Amino acid sequence: MDTGLVCKLRIELADQKTRTMGAPFKQGSLYFEYAGQEEKKLLPHVLLKTLDISRLENLSYAEFSSQLTCEIKKSAWKRIIESIEKKDRSTKEVYGKLSSEGFPEDTVDEFIALAQNKKLLDDLRFAESFIRSKKIKGWGRKKIEYELRLRGINASELENYPHAFFNPDEEVEIAYTLLSKKSLPDKNAYQKFYRLLAAKGFSSDVISTAISLRLNEE
């Protein structure tokens, strides 16, 4: 075999023990022979699971590197599409997913930017949808803001925030609706209701008003 060609390729996937320990697969190894020596490249596990190494066999090193780069980029773009096809996600969520899977930083940056340009990733759209859906689930403003921050979004940067998304009367109604579904505790009703609503992210003013409404029913 010409030593100027890449040959004898084999794949070693991430250690099975990693999976049983609960840690995510990140990178596996692509072994190949070039110029009489075995070399190794660390690649995303999700790429290696489906990589057709026959397409990389018997190429010059330059051709091998170029083809491998194309495979990495195709896999990265596929992972972005797969991550958002079932539900909208924030840019930070998708970036974290690809990074945790072992894709190169420059590749992640390139295709995150492409997804943003194509409006497949749009943090404003995501935030607006997130706020609406969590309000329906009975979340308060504080919890929603906290969860958005975890996803890389500062709610205060949204246009006309918070007035376009929240008003005190609406929050009181949401909080009161949650309490109306709960039976009145025999003891320490106010404290127990307060803890419940605080955990849902409502402000102290909203909590006090909603609890008063609920207790006045009895």
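Refer to the preceding data block for the structure.
This one's a predicted model, so the numbers in the text were calculated from it and none came from an experiment.

Peer 1: Could you give me a rundown of the side chain of Thr91, with the residues and numbers involved?
Peer 2: Considering the arrangement of structural elements, one finds Thr91 in helix 4 (residues 91-100). Apart from the residues lying within four places of it in its own chain, the contact partners of Thr91 are Ile112, Gln116, Leu121 and Asp123.

Peer 1: Please provide a residue-by-residue account of unusual backbone geometry, values included.
Peer 2: Residue Pro162 is reached from Tyr161 by a cis peptide bond, and omega for that bond is 5°. Assignment of secondary structure puts Pro162 in the loop between helix 7 (141-150) and helix 8 (168-180). Even without a glycine there, the phi angle at Lys8 is positive, about 55°. Checked against the element boundaries, Lys8 lands in strand 1 (residues 5-12). Residues other than glycine seldom take positive phi values, yet Lys119 does so here, at roughly 65°. If you trace the backbone, Lys119 turns up in the loop between helix 5 (105-117) and helix 6 (123-136).

Definitions and limits used
Residues numbered from 1 in each chain as written. Predicted model: local features only at pLDDT ≥ 70, side-chain atom pairs only at ≥ 80, totals over all residues. Heavy atoms only, no water. Helix = DSSP H or I, 4+ residues; strand = E, 2+ residues; numbered from the N terminus. Contact = heavy atoms within 4.5 Å.

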